[in-house]
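Inside the fold
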Amino acid sequence: RVGARLFRARLAADLGRHQEALAEAEGALREKVKEPKLLAEGHAARALSLTRLGRKAEAEESLEKVDAFLATIPRPLAEPKRMHLEGEIALARGDHAAARAALEKAARLAPMIGIRMDAGPIEIRYALARTALEQDEPETAREHLRAVVDAGPARVMTPVPYVRSLALLAPLEEKAGKAADARELYERYLGYWKDGQIDRAEVARAGQRLAALRPRPAA
């Protein structure tokens, strides 16, 4: 139940439903959790949700519990998680410079290699891409979004960042003159969400761009 609640908390947070994400995180923490790692993940999710809701003091309480857990595990394992969370918290506060510094360090410590079902490296690149877009650095954003789009099986753990990365990367490829690549990305994106309920304005825009990029029949 704890794992399921934490996954639902991530989904809700990715969809901007921060009150719902907080409820799931706190529900996970109310379970009889014996594994310290899961407790730390629950507090990390709670801290992020509280930060996004503007409840900084309460968030700090959970951040202290995460730090206490990270202090008990080897530094090579703890540091990428610490930097990732620090970056996400900074991003939630709107501090893009601090977010980028922490996330870039996390990315160096958590390379996207192997076939581990670890959402962390993907989430880090997605956050870096969003930060780069906020700072008007499309080439940097393209690099990180491509890493998310080309990720292996672990992207199953991050469905919303993965699908949204398709939509974010497509116009960047289009502006770079890679119409065929952009068309493929739009098609993949719409294949997932065309008939759904998420990001309807973006779905409509993607449909319009795909129609514009499709080859016209010969006269």
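Structural notes, computed from the coordinates. (Residues numbered from 1 in each chain as written. Predicted model: local features only at pLDDT ≥ 70, side-chain atom pairs only at ≥ 80, totals over all residues. Heavy atoms only, no water.)

To continue, consider the overall build of the protein chain. Of the regular secondary structure elements, the protein chain holds eleven helices and zero strands. Reading the protein chain from its N terminus to its C terminus gives the helix and strand order α-α-α-α-α-α-α-α-α-α-α. Radius of gyration (C-alpha) of the protein chain: 18 Å, near the 17 Å computed for a compact globule of 219 residues. Expressed as a percentage of its 219 residues, the buried residues of the protein chain come to 42%. Taking the intrachain contacts of the protein chain between residues at least 6 apart in sequence as the baseline, contacts between residues at least 24 apart amount to 53%. Roughly 11,800 Å² of accessible area belongs to the protein chain as shown, and the carbon and sulfur atoms make up 53% of that amount. Averaging the locations of the 38 positively and 33 negatively charged side chains of the protein chain gives two centres separated by 3 Å. (Helix = DSSP H or I, 4+ residues; strand = E, 2+ residues; numbered from the N terminus. Rg over C-alpha atoms; globule rule 2.2 N^0.38 Å. Buried < 20%, exposed > 50% of the residue type's maximum accessible area, 1.4 Å probe, protein only. Contact = heavy atoms within 4.5 Å. Areas by Shrake-Rupley, 256 points an atom, 1.4 Å probe, with all protein chains shown as cover. Lys, Arg positive; Asp, Glu negative; His and termini not counted. Charge placed at Lys NZ, Arg CZ, Asp CG, Glu CD.)

Before going further, it helps to examine helix H2 (residues 18-30). The end-to-end C-alpha separation of H2 is 18 Å, in line with the 18 Å expected for 13 residues at 1.5 Å each. For H2, every residue scored as buried is listed here: Ala21, Leu22, Glu24, Ala25, Gly27 and Ala28. On its buried face, H2 is in contact with helix H1 (2-14) and helix H3 (36-52). (Expected span 1.5 Å × (residues − 1).)

Another aspect to go through is the packing of H1 against H3. Two elements in contact, H1 and H3, have axes separated by 11 Å at closest approach and are oriented at 25°. Judged by the angle between their axes, H1 and H3 are roughly parallel. Here H1 and H3 pass one another in a crossing that is left-handed. Contact with H1, carried on its side by Val2, Leu6 and Ala13, involves Leu38, Glu41, Gly42 and Arg52 of H3 and no other residues of that element. Class assignment for the residues of the contact of H1 with H3 results in four nonpolar, one polar and two charged. (Axes fitted to C-alpha atoms, helices over the stretch in contact; angles between N-to-C directions. Parallel < 35°, antiparallel > 145°, perpendicular 65-115°, else oblique. Left-handed = near helix turned anticlockwise from the far one by under 90°. Nonpolar A, V, L, I, M, F, W, Y, C, P; charged D, E, K, R; others polar.)

Next up on the list: the nonpolar core. Note on soluble globular proteins: their nonpolar side chains tend to be buried together. Counting residues in each nonpolar core, the largest one holds 23 residues, and the members touching the most others are Leu166, Leu185, Tyr186, Tyr189, Leu190 and Trp193. Counting residues per element, the ones that place at least two in this core are helix H7 (120-134), helix H8 (138-149), helix H9 (159-175), helix H10 (179-193) and helix H11 (200-213). Among the elements that make up this core, the one with the highest residue count is H9 (eight residues). Setting aside chain neighbours within four positions, we find leucine 190 in contact with Val203, Ala206, Gly207 and Leu210. Ranked by size, the runner-up nonpolar core spans 14 residues in total, among them Ala40, Ala59, Leu63 and Ile89. (Core = buried A, V, L, I, M, F, W, Y, C linked by side-chain atoms within 4.5 Å.)

Before going further, it helps to spend a moment on unusual backbone geometry. Although it is not a glycine, aspartate 136 adopts a positive phi angle of roughly 55°. Mapping aspartate 136 onto the fold places it in the loop between H7 and H8. Aspartate 136 gets classed as exposed once you look at its relative accessible area, which sits at 65%. Positive phi, normally seen in glycine, also occurs at aspartate 199, with a value near 50°. Counting through the fold element by element, aspartate 199 comes out in the loop between H10 and H11.

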